[in-house]
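Take a look at the letters that make up each chain.
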Amino acid sequence: MSKKVGIFITIGVIICVLGGGGIFGGLYYQAVSQIEVDIDDIYITDYSINLFDQSMDVDLEIHASISNPTSIAVEIEYALFEIYFDGVYSGEGQTSSFAATQTPSTMIIDTLLDDIDEDQFILLYDLIIMGNSKVATIRITTVHAFGFAIDINQDINVTVSQSDIL
């Protein structure tokens, strides 16, 4: 009889441990998928224009506030994002690791748009040289945390003007 009790206790402990891990994993996944990102400013810190072949390189500095409305703090390995100016794809980037808690934290993301040409060149030339404001859209595509990737596909729009060129 005691052998059966021991087996039931062992099975119960295994179920509790695996079930608890599964519940925590589900809560963590939910917390990561609810990360809130606000883009405060996008600055053009440097650029080089090659008029001969109509291409340019642009360094961007993105100032963001990151938080998580849930009570679980999450550690993010990195987030992948795409950049659009007036709806035209201009490049992609990746953040460094960060933590998201209920208290918003600031983050500065440096990224390089390399060898921009064609439609992107015209848009950024119009912004940088001609001084016409553009709407920049940062699309957060994927967040990598705790060994798994979550597709976010969240768009954040910010107007970039000539005063944002440093």
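Coordinates for the structure precede this section.
About the criteria used
Residues numbered from 1 in each chain as written. Predicted model: local features only at pLDDT ≥ 70, side-chain atom pairs only at ≥ 80, totals over all residues. Heavy atoms only, no water. Buried < 20%, exposed > 50% of the residue type's maximum accessible area, 1.4 Å probe, protein only. Helix = DSSP H or I, 4+ residues; strand = E, 2+ residues; numbered from the N terminus. Pairing = 2+ DSSP bridges. Contact = heavy atoms within 4.5 Å. Axes fitted to C-alpha atoms, helices over the stretch in contact; angles between N-to-C directions. Patch = residues over 30% accessible without salt bridge, like charges linked within 9 Å, V, L, I, M, F, W, Y side chains within 5 Å. Areas by Shrake-Rupley, 256 points an atom, 1.4 Å probe, with all protein chains shown as cover. Salt bridge = Lys/Arg side-chain N within 4 Å of Asp/Glu carboxyl O. Core = buried A, V, L, I, M, F, W, Y, C linked by side-chain atoms within 4.5 Å.

1. Some details on the pairing of strand 8 (residues 134-145)
It is a general feature of regular strands that their side chains alternate between the two faces of the sheet.
Thinking step 1. With respect to burial, strand 8 is a largely interior element, 10 of its 12 residues being buried.
Thinking step 2. Across eight bridges, the pairing between strand 4 (residues 78-85) and strand 8 is antiparallel. Counterpart to Ala79 in the pairing with strand 8 is Val143.
Thinking step 3. As defined by bridge partners, strand 8 adjoins strand 9 (residues 148-160) across 11 bridges and the pair is classed as antiparallel. By the bridge assignment, His144 is partnered in strand 9 with Ala149.
Thinking step 4. Linking strand 8 back to strand 9 in an antiparallel pair, the connection comprises two residues, with Phe146 at a positive phi of about 55 degrees.

2. Here we look at the side chain of Thr141
Thinking step 1. In this fold, Thr141 is placed in strand 8.
Thinking step 2. In this structure Thr141 comes out as buried when scored by relative accessible area, which is 14%.
Thinking step 3. Once residues lying within four places of it in the same chain are set aside, the contact partners of Thr141 are Leu80, Phe81, Glu82, Ile150, Asp151, Ile152 and Asn153.

3. Examining the sheet that holds strand 7 (residues 105-117)
Thinking step 1. Ordered in space as 1-2-7, the three strands form an open sheet in which the pairing is antiparallel. Each end of this open sheet is capped by a strand with a single partner; those strands are strand 1 (36-50) and strand 7. Pairs of neighbouring strands in the sheet enclose a mean axial angle of 20 degrees, with direction left out of account.
Thinking step 2. With 13 bridges connecting them, strand 1 and strand 2 (residues 55-67) associate as antiparallel partners. The residue of strand 2 that forms the bridge with Asp41 is His63.
Thinking step 3. In the packing of helix 2 (residues 118-128) onto the sheet, contacts are made with strand 1, strand 2 and strand 7, and the angle to strand 7 comes to roughly 120 degrees.

4. Digging into the environment of Asp110
Thinking step 1. Structurally, the position occupied by Asp110 is in strand 7.
Thinking step 2. Note on Asp110: relative accessible area 56%, which makes it exposed.

5. Observations concerning a nonpolar patch on the surface
Thinking step 1. On the surface, a cluster of nonpolar side chains totalling about 280 Å² of accessible area is made up of Tyr47, Ile129 and Met130.
Thinking step 2. As for its placement among the helices and strands, Tyr47 is situated in strand 1.
Thinking step 3. Accessibility expressed as a relative area gives 34% for Tyr47, which makes it partly exposed.

6. Structural notes on the side chain of Thr137
Thinking step 1. Examined against the element boundaries, Thr137 turns out to sit in strand 8.
Thinking step 2. Among the residues examined, Thr137 registers a relative accessible area of 12% and is labelled buried.
Thinking step 3. Leave out the neighbours within four places in its chain, and Thr137 touches Glu82, Ile83, Tyr84, Asp155, Ile156 and Asn157.

7. Some details on the nonpolar core
Thinking step 1. Ranked by internal contacts, the top residues of the largest apolar core, which has 41 residues, are Ile39, Ile42, Val58 and Phe85.
Thinking step 2. When residues of this core are assigned to their parent elements, the largest contribution, six residues, is made by strand 2.

8. Comments concerning unusual backbone geometry
Thinking step 1. The backbone of Asp115 shows a phi angle near 55 degrees, a positive value even though the residue is not glycine.
Thinking step 2. Relative to the helices and strands, Asp115 is located in strand 7.
Thinking step 3. Positive phi outside glycine occurs at Asn153, with the angle close to 50 degrees.
Thinking step 4. Residue position: Asn153 is located in strand 9.
Thinking step 5. Exposure remark for Asn153: the relative accessible area of 52% places this residue in the exposed category.

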